[in-house]
Structure formats: C-alpha cells, structure tokens
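# Structural characterization, general
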Amino acid sequence: MLDHCSISHKGGYTSLCANKKISDDFPAGGIVLWSRSFTPEASHIASSAASPVNSLIREALIESRTTGEKYEKDGYAVKWTFVNDLELIFVVAYQRILQLTYVDELLAAMKALFVKLFQPLLATFVASLHAGSDGKSAAAVLTSLNFASAFEGWDKYFDALLKKLEDKAAQERKSRIRGPIQTQPVTESPPLSDDQSTEPSQSEDTAQDERQIARNVQALKARLRGRGGRRGGRPIVRSFDSGSGRDSVNNSDSEAAPKRKATKKAGRKWGDEAPTEADMDSLDYSTEKPDVNGLSSSKDLKSLLDVTSMGSRNKDGLYEVKDWEFDVHKTVSAALKTAEVELTSTNSGSLGTLGSLFSRLTGSKTLTEQDLKPVLDAMKQHLMKKNVAKEIADKVCEGVGESLIGKKVGGFQTTNSAVRMALSTSITRILTPKSSTDLLLSIRTKLSSPLTSTQQRVPYTMTFVGVNGVGKSTNLSKVCFWLIQNGLRVLIAACDTFRSGAVEQLRVHVRNLSVLGVDGAADSKGRVELFERGYGKDAAGIAKEAITFGRDNDFDVVLIDTAGRMQDNEPLMRALAKLVTVNNPDKIIFVGEALVGNEAVDQLKKFDRALRDFSSGSGSGKERGIDGVLVTKWDTVDDKVGAALSMTYVTGQPILFVGCGQTYTDLRQLRVSNVVQAILSD
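Computed from a predicted model, the values in this text were never measured in an experiment.

## What about the overall build of the protein?
Tallying secondary structure elements over the protein gives 23 helices and 21 strands in all. Relative to its 682 residues, the protein shows a buried fraction of 40%. Within the protein, contacts between residues separated by at least 24 positions form 72% of all contacts whose residues are at least 6 apart in sequence. As presented, the protein carries roughly 38100 Å² of accessible surface, and 51% of it is formed by carbon and sulfur atoms.

If you want it as structure tokens, here you go:
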C-alpha cells in the first residue's frame, strides 16, 4: 500500500539553488501541483522539513548525491521520475518493508497520462515562469492560472490507474502462491523383515569392506617385518591403532633428543671499559643536540620551511594557508608538446578532447537518451582518467543525463555549452561544502564560550584517522604549524602505540616546531608540547589523559594522532570507535591519499560506517562519523584530482586541507572552482 504520492514542478527548486533556502510555501523545494497521503500517519511525509521527500529534493536535486534509483530514509522508500521538458517531478513514497512491485509501472503510467491530459496548461505555466518579464513569482503564476481547479479531474484518473495496478499485482501474488501442485510418485515400501531382533542388520557389502580392511592391515604388518624394521641401528616397533587408523612408531632404545639451547642476542662490545654517558647520549637521535653556536646539529631547520609556500596574514592578523591553484599553463604546454602535429592540423577554434565528445550532438533538437548515451560513456571515461572512482563517475554521468534528457538545444555551440555546463554544475554541487570549513572560527567559538564558576575551559580536540602510510603524523604537524602561527597553544597526543618509531617521529616534529615558533621566531613560549605514554598502552586512555592535561595547563588545541589501520580490520576499527566514544573529539579528520581512485571510496565509506556503527552501539547512543577530509600527496597527481570528488561524494563532508610537499608550510586549501577546472581540463 502506498503512503504518499505527489507531482511537483522544479520552479521552486530553481529558486532554491539561487537563494539556498527552502520556501515556506512549498516545503519540498518545488511547486506542488498535486499530492495525496493515503494514511493519517503518513501526512508528515510531505509536510516535515526532515521528511523523506524533502531529503530527496535536497540530496538528489541540490547536492546531486542520489541518482534515479531509490532513496530510503526513516523506514520509507522513495522512488521518482522526471519530465525535463516540462520540469516535472513524480514522487511515490511507501514503507520500505513492503515489496511493491508496481511502483515503477505506476510512475511511468502517471507520467504519460498526466502529460497527455495537461500538457497545454503545463506548457503555458513553464513559459510564464521562464519569461520573467513581468516579475511574477512562481506562486503568483500558479494563482493566476487557477491551478487549484485545473487538476480536479486528475483524482479519478489516478484512482483508476492505481486500482488497476494493485489488482494486477494481487493476481500475480495469488498465482505465485497457488502454483501447480507437485505430486511425488508413490513407491512401494519394502516388505517387513521376519527378524524380530532389535539390532540393526548389517548388509553384505559392509561386511566385505571390513574384511578387506583387516586383510590390508595384515599385509602392511607383513611388509614392515620384511624390511627388517630397523632404522639407524635401532629396532623400530610399529603398531596400528584401529581407532585412529594410523600406525605409530616407537624406538625401543631411543633416548630423548637433547633440547636446543636458546641463544640470546649478543650485546654490543664496548671494549675493555663500559660505555660512558656521553657514548649513550651520542646514540640518542630523538633529542636535540645543540652545537657550539646553540643551533640544532641534526638538521638545518631552514629546510623545514619553504618561504615561497608560506601563507599570508589577513586584515585581522590571522595566518591563512595558500589556495591550491590549477596550473593551466603547465598542462597546456605539455599538451602542445605531445600533440603538436594534431593541433596544427585542426581548426584553431577546436574545443579540445572533451569538446570533441560533445561534437556528436549537433543541430536543433530535443535530446533523448539515445543521443546522450555515447557522450555520457565518453564523459565517464574522461572522469575515470582524472582519478574519479568508477562508482562515482557512473552516478555523476547518470545525474547529468537526467538533467539533459528532454532539453531542446540548437547548434553545436549550444549543445557543447549545455553538456559542459551540466557537468560543471553537477561537480560544483558535490564539492560545495555543506558545513563550515573555518576551523579557526570553530576553535575560537569554543574557547570563548561562557563558563560557570565551577567549569573549566576544555581545549578543542581533533582526531586524525586513516589507513597505514598515508601521512597522518606528517600532516598533523603541518596543521600544528598553522595553528601555532595563529597564536594557539597546541598539545600533540601520541596515541599511535603500535608502530615502532611513531612516538619518536612526533618528538622530532615537536622539537622542530618549537624552534621555528611564530613567524620564524626562535622563542615559541611553549606553544607546542608532546604528550606520550610509550608503546603498548590503550590509545583511548592516553587521549583522555592528554585532554585532561591540556585542560589543566591551558592548551587551546589537542591534536590526537592514531595508528593506521585497514578499513576491513574490525577489532582495530572497534578500538578506534572506542577512542572516539570515550573522548568525543570536536573534529574527526580522515587522512587519505590523492593517488587512489576506487580505493578512496572504499576506505572513507568503511571508516565512516564503522565509526557510526560501533560508536552508536557502545552504550552512549551518540553516533559519530567523519567530519572532514585531509588529502595528502596532492602534488603528485597534477590535474588528476578526482580523488577529491570521490571522497566528498561518499560522506558529503568537506575537504579541509590538502598536503602538497615535505615542509611544514606545504599545506593548501581547495577552491571548488579550481578543482572543477582541473577535472574538466583536457
């Protein structure tokens, strides 16, 4: 049984994209032409702002994160279809537990019948909306055309259509349940035996098998006796164990073999004299060793900073990292070198490789699915070459196709612009952050929140998670440098108690950052410290102690470094969820590589799902997932930046930073326009 059915227009959705808010008159983000709720309990489906229908409008149309299959939320399943030339949306909602086989057929029949009955009126309405010369709003046009009475006759058509499909589905269910009755052939039962004993009778074949086994055992014993039964000068006694089916060997005069002595690792030879304290100190590379000038002798600290990649301070005095910019000139130069002959032979007005994909669509016509299929296939290949995961490329192209089917275009340039604009718009919607990416604002808001007389200020906490070897500790230190430049005191919690050298790595970073200080000043006034408890300890307990230490010693931010783990390792993912549940960090940042394609989707999806499942099932009842993404090794991919699109699509969370080098200043922010330009580049 259906719960809700509606027919809406995209007019409100267009204004929704421009104004970034949902109209109070039309809660679903569009103009509702007709709707019906079949149960009193389902009346909230279209009226609530958090309803499945409104979630469909937001995620499928605004964020382009759902394609035309099925959407599920709050126990409901929602299916939909479009009529692009008239900008109509047909939506059906029903309880997810019900298996309604006629929903797809109902949507197709509704679309065909509704368009056939009301196409002149709808065409006038769409033309009035797009004219825009008289300044009328969508609601005003709706009122002027008297839509309230225009669709009065639709109810009887819909009732008849629904009844016909429900009867057809019921008849199919009955035929499946009844089905042809399969009769088993009747076989004659064997005659009863005259033997009245209760012991089971033994067949003749079974008796023969046992006699054969006995003969084989005797033959084996005879064969062993014939060999003399001696090995190494000692008589060997073999016995057959009938229970296990194996023969055992015993040495009659054998002695227990002497056990091998365990050898210990030989200690370092220091000569006749024991090592001095100076000798031991010279072997310790985890602490700073000043030379005669008082500078670090382990490394030239100038190599830790790239002056050309240093950020700048804004008018408020805050240190901002640079934006990542797509190097168009570098890409064009490389293309000219590899395709010089091809470029000279083509017209100077060529639109490039991606433009040639759209050249198949020419002339003034209404685009159909058959027209777009070869173009969308080529577009998918282009996205995959840009390192976009296959699953994400499929969904992006499907969304672009749905937005273009039924559109009327004219001329090559118009077609090219329409397809390119649709792809650019879809990628922009996916990459546009749905929440604030200003970490400094979040930190200062928490630190400046009012406290009671009994409360104590708690530092802002960020947890860095990810798989092995992606650069969590290195990029954590880059974020720490950025925070120090903004005048914040940072405590780094060494919660990777598994990887050998993890604590020492953070100790070196803290030493370097302390010397670098703010704006290169050597005196950092204790702005960064390391909290560590060694190896083999509980990471959740260390993080809790670090937050308490940071609170008692007036630290502003606590950065929690965690051990790398694979996304399919359930025990380690449970341990990570325990750390999150116990300490409740303000931000959970996933660190991933820019080099991966399909693997990025699998990693981020499973990390987010595992954190949500295990944190909500821990007893606290609070579900936590990934809050942001930091992409490393960004400088190795050039224009193949599809990993950013894949990671953002999976969780809808923004990319906070990208790491692009080996120094503390090699941290960048992403601008959506630059990423879109790189993905669309040929």
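Let us keep going from here.
## Here's the deal with the packing of helix α17 (residues 472–485) against helix α18 (residues 502–516)
Where α17 meets α18, the closest approach of the two axes is 11 Å, and the angle between their N-to-C directions is 25 degrees. Comparing their axes, α18 and α17 come out roughly parallel. Our pair here, α17 against α18, has a crossing hand that is right-handed. Facing α17, whose interface residues are Ser473, Thr474, Leu476, Ser477, Cys480, Phe481 and Ile484, α18 presents Gln505, Leu506, His509, Leu513 and Leu516.

## Let's talk about the packing of aromatic side chains
Inspection of every chain in the model, using the stated rule, returns 15 aromatic pairs. Plain terms: the ring middles of Trp34 and Trp154 are 6.2 Å apart, the flat faces sit at 90 degrees to each other, and that makes the pair edge-to-face. With Trp34 in strand β2 (residues 31–37) and Trp154 in helix α7 (residues 154–178), this residue pair connects regions lying 120 residues apart in the sequence. Taking 6.4 Å as the distance between ring centres and 20 degrees as the angle between the ring planes, the aromatic pair formed by Phe481 and Tyr664 counts as stacked. Here the residue Phe481 occupies a position in helix α17, and Tyr664 occupies one in the loop between β20 (655–659) and β21 (667–669), the gap between them amounting to 183 residues. Among the residues examined, Phe481 registers a relative accessible area of 3% and is labelled buried. Residue class for Tyr664 comes out buried when judged on its relative accessible area of 6%. Ring pairs connect the aromatic residues Trp34, Phe38, Phe90, Phe114, Phe118, Trp154 and Phe158, which therefore count as one cluster.

## Considering the packing of helix α21 (residues 598–616) against helix α22 (residues 642–651)
The interhelical angle for the contact between α21 and α22, taken along N-to-C directions, is 30 degrees, at an axis separation of 9 Å. Compared by their axis directions, α21 and α22 come out roughly parallel. Taken as a pair, α21 and α22 cross one another with a handedness that is right-handed. Judged by residue contacts, Ala600, Val601, Leu604, Lys605 and Asp608 of α21 engage Ser646, Met647, Val650 and Thr651 from α22. When the residues that make up the contact of α21 with α22 are grouped by side-chain class, the tally is five nonpolar, two polar and two charged.

## What about the sheet that holds strand β16 (residues 528–531)?
Strand order in the open sheet made by the nine strands is β11-β21-β20-β19-β18-β14-β17-β15-β16, with mixed pairing throughout. Both edges of this open sheet fall to β11 (322–323) and β16, since each of them pairs with a single strand only. Across five bridges, strand β14 (residues 460–465) lies against strand β17 (residues 557–562) in parallel orientation. Each bridged residue has a counterpart across the sheet, and for Thr463 the counterpart in β17 is Ile560. Across the sheet, helix α16 (residues 439–447) touches β14, β17, β18 (587–593) and β20, and the angle it forms with β14 is around 140 degrees. Along the sheet, helix α20 (residues 570–583) contacts β14, β15 (490–495), β17 and β18; its crossing angle with β17, the most-contacted strand, is approximately 170 degrees.

## Considering the pairing of β20
Most of β20 is tucked away, with five of its five residues classed as buried. In terms of strand pairing, strand β19 (residues 628–632) meets β20 through three bridges, oriented parallel. What sits directly across from Val631, in β20, is Val658. Taking the sense of rotation as the criterion, the β-α-β connection linking β19, α22 and β20 turns out right-handed. In this structure, β20 lies alongside β21, joined through two bridges in antiparallel fashion. Opposite Val658, over in β21, you have Arg668 as the bridge partner.

## A few points about the confidence of the model for the protein
With 67% of its residues at a pLDDT of 70 or more, the protein shows a mean pLDDT of 75. Taken as a whole, residues 12–29 scores under 50 in pLDDT and shows 29 contacts with residues more than four places along the chain or in a different chain. Counting contacts from residues 331–351, a segment whose pLDDT is below 50, to residues more than four positions away or on other chains yields nine contacts.

## Focus: α17
End to end, α17 covers 20 Å across 14 residues, agreeing with the expected 20 Å (1.5 Å per residue, within 8%). In terms of burial, α17 is a largely internal element, 13 of the 14 residues being buried. Gly487 occupies a position one or two residues after α17 and carries a positive phi of about 75 degrees.

## Things to note about the nonpolar core
Counting 97 residues, the largest nonpolar core has Met462, Leu483 and Trp634 as its most contacted members. With residues near it in sequence (within four places) discarded, Met462 still touches Leu439, Val479, Leu483, Val557, Val558, Leu559, Ile560, Lys587 and Ile589. Core analysis: the next-biggest nonpolar cluster, separate from the first, contains 31 residues, Ile7, Leu33, Leu88 and Val92 among them.

## Some words on unusual backbone geometry
Even without a glycine there, the phi angle at Lys633 is positive, about 55 degrees. Examined against the element boundaries, Lys633 turns out to sit in the loop between β19 and α22. For Asp638, which is not glycine, the phi torsion reads 55 degrees and is therefore positive. Locating Asp638 in the fold gives a position in the loop between β19 and α22. Asp638 sits in the partly exposed class, given a relative accessible area of 41%.

About the thresholds
Residues numbered from 1 in each chain as written. Predicted model: local features only at pLDDT ≥ 70, side-chain atom pairs only at ≥ 80, totals over all residues. Heavy atoms only, no water. Helix = DSSP H or I, 4+ residues; strand = E, 2+ residues; numbered from the N terminus. Buried < 20%, exposed > 50% of the residue type's maximum accessible area, 1.4 Å probe, protein only. Contact = heavy atoms within 4.5 Å. Areas by Shrake-Rupley, 256 points an atom, 1.4 Å probe, with all protein chains shown as cover. Axes fitted to C-alpha atoms, helices over the stretch in contact; angles between N-to-C directions. Parallel < 35°, antiparallel > 145°, perpendicular 65-115°, else oblique. Left-handed = near helix turned anticlockwise from the far one by under 90°. Phe/Tyr/Trp six-rings, centres within 6.5 Å; stacked < 30°, edge-to-face > 60°. Nonpolar A, V, L, I, M, F, W, Y, C, P; charged D, E, K, R; others polar. Pairing = 2+ DSSP bridges. Right-handed = clockwise from strand over helix to strand, strands pointing away. pLDDT = per-residue confidence, 0-100. Expected span 1.5 Å × (residues − 1). Core = buried A, V, L, I, M, F, W, Y, C linked by side-chain atoms within 4.5 Å.

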